[in-house]
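# Coordinate analysis (summary)
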Amino acid sequence: MAVDELQAIIQRCQILEEADFSGEDFTLFQVAGQKCLEDGYAAQLLEVVQNEKNKVIIKNMGWNLICPLVRCILVYKEEDDNREHCLKILDLLVQLCNAKELFLGLLEQIEQTSGEQVCKTVMLLLQPLQTVLFKLQNKKAYSVGLSLAVIMNQFTPLPVPYTKQQIQEDKLGLCQCCNAVVDFAKPFVNEVVKNMEKSSECNDTELKEELLKFCMKSLKYPLLTAQLDQLESIEEHPFRRFASEIIDILWDMRELVQLVFSHNKCRSQSWENEEFADIERKNSADSLACLSYLMFVQYFGIDCFPVVFSPSYLLQCNMVHIEVLLKRTEESVLSKGLDLFESALLRMEDNSLLHQYLEFSNFITVPQNLVKVMTLCPIEHLRKKSLNILQLFINKFDAEGKYTLFRCLLKTSNHAGVEGYVIKNIKDQIHLALMVGDNSWFTGHHLISLLDLVLLLPDGAETDLLQNSDRIMASLNLLRYLMIKDSEYDNQTGVWNMLAKIEQNFLKPLHVGLNMSKAHYEAEIKSKKENRRDSNSLNTVCSVTVSGEKMPAMTTEMQLQVLRSALFTFDLIESVLARVEELIEVKTKAV
């Protein structure tokens, strides 16, 4: 029945001139052809398409069969003869149909697909689409750009395989499809390169721009979130191959080095809408950050890179990219930022980074972002790595740079653990200054100014001592060290001249705070014990607030353990405080 209907419309159109085909003819042909495919008469439809007499009809109407053809090809199994017939029909349509209409039909089909069908559809239509693009005479560059944009937009919602197992399984076919798209783009890249070789200036700038947009999109997705470390038992890592191909395209088009040093000033489209402009700037920043990661961490294209730049200049260039990556929360992106930062720092010698670099804003904001990773990131190995990188960053600065960085971190970190870590670093630098004897930044009036930030309680006697215990212990240890190492006669650090201020701003408020805190927690313990006796049960569940934070529901015994632990911390602080006061008293009397 379907075949009869198709034959009827074919016979009717055979006697008409091409210009006389009506809209009704197009609709009837599409409906009859679709019915043939759905009813399993692909072989008969193939005969109609192959018939020379129908050449004009197919040229004008054949593109309407793309949608049902693709649907049937994806439904039929590999061994099904109907699938083979459909593939042959598709090949013939590519040869016979009007290129412009077929191009739009193929793109529409890719654009309408979703989910699991995206990669299957793209893989099926890439070769036909490439052939049609070569046949287009007008707006070829625009059409190539539109094709690549539609394909990449369809990829974007798909999850990027990250683990070794996910990459090997490649359930949605994204790994395979990305590399197929690069192969699809290569002939157009070669065309641009040939034109560039003929002339010092590329005549085909439109096509080059479209291919550059494709590379930038590829850097943001999937490469920014992809796992790119070499994995065991994977002979050819699909995303590493894809990354290598993208870098090669950029190099061939003479854009690679220019992009690496663009400092987030890549060519961008002019937008009247500021919101669109912001989105494009962000996308460009993500892409350039990924490019730097590929170059300086994974070493893609590094052989093409000029070896004339100092490590400090490369660090400066990369800081804007590191900042972009460290602001993200995804493990795959955040780890790339840490790797890029670490890689840039490892190229430098300790104490070689001049303090003037801190005048660049991102040399301040990047360590602040690093602190956020250290304190807020839920992934333990990234927290540990960020701490190691912060120490590496500190080590690279000269003495004045370290001094300035310490002041900045003490003022901005808002985290007792980080402040304690910075104070420990200050102690190490003071020790070095006293040993070497030529570092004015960690002795004398500079140090006194820094100690004013260290030897104080943020809220005086009312400071939450438990919450700030790391900072307080580090401060007390620093003060004890100064009392022991810097004699009251030499007074290289100047600390002996500020004892009255230390006593007023730090030691006395700490005494008062300790007494209040211990009394409060002892009263809490007493209350809990009485409640336990009254309830006659060790398993009564209730809540407790420690350091201003309500803790999860706990038994009375668990609460008592927490409260005793807090008292132990206060005792520890008190013991170090007593030792510091003893040293001050002994040395003061000696003088």
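Sequence order sets the numbering: in each chain, residues are counted from 1 along the sequence as written. In keeping with the model being predicted, local features are shown solely for residues with a pLDDT of at least 70 and side-chain atom pairs are shown and tallied solely at 80 or more, while totals for entire chains, interfaces and linings include all residues. As a rule here, side-chain values cover all heavy atoms of the structure and leave hydrogens and water aside.

### Some thoughts on the overall build of the protein chain
Filter applied, for reference: Helix and strand assignments follow DSSP, with helices taken as H or I runs no shorter than four residues and strands as E runs no shorter than two, numbered in order from the N terminus. Each radius of gyration is computed over the set of C-alpha atoms, and the globule rule expresses the reference value as 2.2 Å times the number of residues to the power 0.38. Three exposure classes are used, based on accessible area relative to the maximum for each residue type with a 1.4 Å probe and protein chains only: buried under 20%, partly exposed in between, and exposed over 50%. Throughout, a residue-residue contact means that at least one pair of heavy atoms, one from each residue, lies within 4.5 Å. Only the protein chains shown count as cover for residues, with accessible areas throughout obtained via the Shrake-Rupley method and a probe of 1.4 Å.
Along the backbone of the protein chain there are 25 helices and four strands. Relative to a compact globule of 591 residues, whose C-alpha radius of gyration would be 25 Å, the protein chain shows 35 Å and is clearly more extended. When burial is assessed residue by residue, the protein chain has 50% of its 591 residues classed as buried. A separation threshold of at least 6 residues defines the contact pool for the protein chain, and within that pool the share at least 24 residues apart is 73%. Total accessible area on the protein chain is roughly 29000 Å²; 50% of this is exposed by carbon and sulfur atoms.

### Thoughts on the nonpolar core
Operational definition: The nonpolar core is taken to be a set of buried Ala, Val, Leu, Ile, Met, Phe, Trp, Tyr and Cys residues, with the residues joined through side-chain atoms within 4.5 Å.
F155, L294, F341, L476 and L510 are the most contacted members of the largest nonpolar core, which totals 198 residues. Sorting elements by how many residues they give to this core places helix α11 (residues 174-198) first, with 14 residues. Apart from residues no more than four positions distant in its own chain, F341 is found in contact with L315, M319, I322, V366, L370, I389 and F393.

### Remarks on helix α20 (residues 399-412)
Short version of the rule: Helix span is expected to be 1.5 Å times the residue number reduced by one.
End to end, α20 covers 20 Å across 14 residues, agreeing with the expected 20 Å (1.5 Å per residue, within 8%). G401, K402, Y403, L405, F406, C408, L409 and L410 are the residues of α20 that are buried. Each element contacted by the buried residues of α20 is listed here: α18 (362-376), α19 (380-396), α21 (416-436) and α22 (444-454). Following α20 by one or two positions, N414 has its phi on the positive side, about 55°.

### Let's talk about the side chain of E419
With respect to the element layout, E419 can be found in helix α21. Leave out the neighbours within four places in its chain, and E419 touches L410, S413, N414 and R471.

### Points about unusual backbone geometry
For the peptide bond that leads from Y221 to P222, omega is 10°, which places it in the cis range. For P222, the position within the fold is in helix α12 (residues 205-223). Here the phi dihedral of Y299 falls at roughly 65°; this positive angle occurs in a residue that is not glycine. Mapped onto the secondary structure, Y299 falls in the loop between α15 (274-296) and α16 (311-326). With phi around 55°, N414 is a residue other than glycine that occupies positive phi space. Among the structural elements, N414 can be located in the loop between α20 and α21. With relative accessibility at 68%, the residue N414 sits in the exposed group.

### Some thoughts on a nonpolar patch on the surface
Basically, it comes down to this: To count toward a patch, a residue needs a relative accessible area over 30% and no salt bridge; like charges are then connected within 9 Å, while nonpolar side chains (Val, Leu, Ile, Met, Phe, Trp, Tyr) are connected within 5 Å. Within this document, salt bridges are pairs made up of a side-chain nitrogen of Lys or Arg and a carboxyl oxygen of Asp or Glu, the two lying within 4 Å of each other.
Taken together, L432, M435 and V436 make up a surface patch of nonpolar side chains, about 320 Å² in accessible area. Topologically, L432 is positioned in helix α21. Residue L432 is classed as partly exposed on the basis of its relative accessible area, which comes to 47%.

### A few points about the packing of aromatic side chains
Cut-off, in case you're wondering: Two rings from Phe, Tyr or Trp (for Trp, the six-membered ring) form a pair when their centres are within 6.5 Å of each other. A pair whose planes differ by under 30 degrees is stacked, one over 60 is edge-to-face, and the rest are tilted. A ring has a charge above it when a Lys NZ or an Arg CZ is no more than 6 Å from the ring centre and no more than 35 degrees off the ring normal.
Inspection of every chain in the model, using the stated rule, returns 18 aromatic pairs. Considering the side-chain rings of F360 and F363, the 6.2 Å spacing of their centres and the 40° angle between planes classify their relative orientation as tilted. When its relative accessible area of 37% is taken as the criterion, F360 is described as partly exposed. With a centroid separation of 5.1 Å and an interplanar angle of 50°, the aromatic rings of Y403 and W441 are classed as tilted. Of this pair, Y403 sits in helix α20 while W441 sits in the loop between α21 and α22, and the two are 38 residues apart along the sequence. Members of the aromatic cluster, each reached through a chain of ring pairs, are F341, Y357, F360, F363, F393 and F397. In this structure, K336 is placed above the aromatic ring of Y293, and the distance from its NZ or CZ to the ring centre is 5.4 Å. Its guanidinium or amino end placed over the ring of Y481, K427 lies 5.3 Å from that ring's centre, counting from NZ or CZ.

### A closer look at the pattern of salt bridges
In the structure shown here, the tally under the stated rule is 24 salt bridges. Here E210 and K213 are joined by a salt bridge, their closest N and O atoms 3.9 Å apart. Of the two residues, E210 and K213 are both situated in helix α12; the distance of three residues between them amounts to about one turn of the helix. The class of E210 is buried, set by a relative accessible area of 17%. Close ionic contact of K282 with D286 constitutes a salt bridge, the shortest N to O distance being 3.2 Å. Placement of the pair is K282 and D286 together in helix α15, with a separation of four residues, close to one helical turn.

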